[in-house]
Amino acid sequence: MGEHAVEVEGLVRKFGDLTAVDGISFTVERGEVFGFLGPNGAGKTTTINMLCTLLSPTAGKAMVDGFDVVKNKREVRQRIGLVFQDPSLDDRLTANENLDFHAVVYAVPHAVREKRKRELLETVDLLDRADDLVITFSGGMKRRLEIARGLLHHPRVLFLDEPTIGLDPQTRKYIWDYIGDLKRREDITIFLTTHYMEEAEHCDRIAIIDHGKIIALDTSENLKNMVGGDIIRIKTDDDARAEELLKERFGVNILEDRDCLCFEVERGEEFIPRLFHDFDVSIQSISLHRPTLDDVFLKLTGREIRDEEADGLMEMRRMVTRVRPPFAR
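Criteria and thresholds
- Per chain, residue numbering runs from 1 following the sequence as it is written.
- Confidence filtering applies because this is a predicted model: local features only for residues at pLDDT of at least 70, side-chain atom pairs given and counted only at 80 or more, and all residues used for totals across whole chains, interfaces and linings.
- The side-chain quantities take in all heavy atoms of the structure and omit both hydrogens and water.
- Secondary structure follows DSSP: runs of H or I at least 4 residues long count as helices, runs of E at least 2 residues long count as strands, and numbering of each begins at the N terminus.
- Contacts between residues were defined by any pair of non-hydrogen atoms, one from each residue, lying within 4.5 Å.
- Here the accessible surface of atoms and residues is derived via Shrake-Rupley with a 1.4 Å probe, and residues count as covered only by protein chains that are part of the display.
- As used throughout, the charge tally considers Lys and Arg to be positive and Asp and Glu to be negative, leaving His and the chain termini uncounted.
- All charge positions are set by atom: Lys at NZ, Arg at CZ, Asp at CG, Glu at CD.
- Patch membership needs two things, relative accessible area over 30% and no salt bridge, and members are linked within 9 Å if like-charged or within 5 Å if nonpolar (Val, Leu, Ile, Met, Phe, Trp, Tyr).
- Basic side-chain nitrogens of Lys or Arg form a salt bridge, by our definition, when they fall within 4 Å of a carboxyl oxygen of Asp or Glu.
- A 1.4 Å probe rolled over the protein chains alone gives each residue an accessible area, and that area as a share of the maximum for its type sets the label: buried under 20%, exposed over 50%, partly exposed in between.
- Two strands make a pair as long as DSSP finds a minimum of two bridges between them.
- To get an axis, a line is fitted to the C-alpha atoms, and for a helix only the part in contact is used. The angle between two axes follows their N-to-C directions and goes from 0 to 180 degrees.
- Here is the rule: rings of Phe, Tyr and Trp (six-membered ring for Trp) pair when centre to centre is within 6.5 Å. Planes less than 30 degrees apart are stacked, more than 60 are edge-to-face, and the remainder are tilted.
- Only when the NZ of Lys or the CZ of Arg is both within 6 Å of the ring centre and within 35 degrees of the ring normal is a charge said to sit over the ring.
- Each residue after the first adds 1.5 Å to the expected span of a helix.

Engineer: Can you lay out the overall build of the chain for me, pointing to particular residues and giving the numbers?
Structural biologist: Secondary structure assignment for the chain yields 12 helices and 14 strands. Sequence separation of 24 or more characterises 73% of the internal contacts of the chain that already satisfy a separation of 6 or more. Counting only carbon and sulfur atoms, one obtains 47% of the accessible surface of the chain, whose full area is about 15400 Å². Put simply, the chain has 47 plus and 61 minus side-chain charges, and the middle of one group is 7 Å from the middle of the other.

Engineer: Any chance you could break down a nonpolar patch on the surface for me, citing the residues and the numbers?
Structural biologist: A surface patch of nonpolar side chains, amounting to about 220 Å² of accessible area, comprises I215, M226 and L300. Structurally, the position occupied by L300 is in helix α11 (residues 293-301). Residue L300 is classed as partly exposed on the basis of its relative accessible area, which comes to 33%.

Engineer: Help me get a handle on the sheet that holds strand β12 (residues 254-255), residues and values and all.
Structural biologist: Backbone hydrogen bonds are what pair the strands of a sheet, in a parallel or an antiparallel way. The strand order β12-β13-β11-β14 describes an open sheet built from 4 strands, whose pairing is antiparallel. Two strands in the sheet have a free side with no partner beyond their single neighbour: β12 and β14 (283-289). Of the strands in this sheet, β11 (230-236), β12 and β13 (261-265) touch helix α9 (residues 239-250), which is tilted by about 15 degrees from β13.

Engineer: Kindly report on the environment of D259, identifying the contributing residues and their values.
Structural biologist: Along the polypeptide, D259 turns up in the loop between β12 and β13. Residue D259 is classed as partly exposed on the basis of its relative accessible area of 49%. With 48 residues separating them along the chain, D259 and H211 place their C-alpha atoms 24 Å apart.

Engineer: Tell me about the pattern of salt bridges, residues and numbers included.
Structural biologist: Pairs may arise between side chains of opposite charge once their charged atoms sit close together. Applying the stated criterion across every chain yields a total of 28 salt bridges. One salt bridge connects D132 with R129, and the closest N-O pair in it is separated by 2.4 Å. Residues K299 and E264 are paired through a salt bridge, measuring 3.5 Å at the closest nitrogen-oxygen approach. In this pair, K299 sits in helix α11 while E264 sits in strand β13, placing the two residues 35 residues apart along the sequence. For K299, a relative accessible area of 42% puts it in the partly exposed group. Under the relative-accessibility criterion, E264 is labelled partly exposed at 26%. Residues joined in a network through salt bridges with shared partners are R30, D65, R79 and R156.

Engineer: Run through the packing of aromatic side chains, naming residues and quoting values.
Structural biologist: Scanning the model with the defined rule gives 9 aromatic pairs in all. With a centroid separation of 6.3 Å and 40 degrees between ring planes, the pair formed by F34 and F36 is classed as tilted. The two residues F34 and F36 agree in class, both being buried. Here the aromatic rings of F263 and F271 are separated by 5.7 Å at their centres, their planes lie at 70 degrees, and the arrangement is edge-to-face. For the pair F263 and F271, one class covers both residues: buried. Three or more aromatic residues link up through ring pairs in this structure, and these residues are F26, F34, F36, F159 and F191. Above the face of the F15 ring, R13 is positioned so that its terminal group lies 4.6 Å from the ring centre.

Engineer: So what's going on with unusual backbone geometry? Residues and values would help.
Structural biologist: A positive phi angle, near 55 degrees, is found at A107, a position not held by glycine. Turning to its location among the elements, A107 is positioned in the loop between α3 (95-105) and α4 (110-123). With a phi angle near 50 degrees, R267 is a residue other than glycine that sits in the positive phi range. Positionally, R267 belongs in the loop between β13 and α10 (268-278).

Engineer: Hey, could you go over α9 for me, with residue numbers and the actual values?
Structural biologist: In this model, α9 (12 residues) spans 15 Å end to end at C-alpha, consistent with the 16 Å of a helix rising 1.5 Å per residue. As for α9, its buried residues are in contact with β11, β12, β13 and α10. At the C-terminal side of α9, G251 shows a positive phi close to 65 degrees.

Dropping the structure here:
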């Protein structure tokens, strides 16, 4: 192990009888944006906490930038940046003061610190707010400052745990613009978690995790090719009868969807005219689209990713007590 930015082999983490991470293995290439996609409670944050030395694995091995996360905690902490899912700034301090405190913790020399602070505040468009108290910042501004803080000490790997959670769509887009800019400007590997399907599209590769296991890992395009055909969704006057007809006459398998009948077919644009011609149930609406990552998750698990988000998040917050990283020195 050691050739990759992150290497994980048989990693397990248990909390009592709950297995949060269940024997996962993967590698992250240097310089790539690697995404962990899954519902809340799937094991994403637990995995990041182990890779960042905040939790000890129950079993297995993990290396970050060539260092073992158990045997070489100090070296790992010096080489990573971390943006927590929950806010971790001191809002009674200014943006500059938050960065100064981080610089002291990570022993960033004063001469380097001032130049680096200015560069990063400019990158995240907060230079004009450097001396303002963080309590006056919006949620998006705080998240941008947290990203700047995570980069202050020139980490080799930046971990972003749900970097846009709780932000409005416009601000989420801005955050992703900044992340894309970071990849171009910094010689850095970015490892992020998300349950937003559209965000995972920004990643070079995506690992889909569910109930603590990685169920697929590939590029977005290759993952979507796993679904195979086109996805058709219909609403009818009698969905129960419609489901019977679809199975009997067309041999399709209905995928779970709370709002309509959803199924996969080849050459959907040719299938729809046949459906209207041979169907005995009145169709209220119909849509066709190429597979998305949401469809990939639906195909692999039999349910949509949003079905377990709320329950999973509450369960994990009960099971895990977050701790602040000790000084890197």
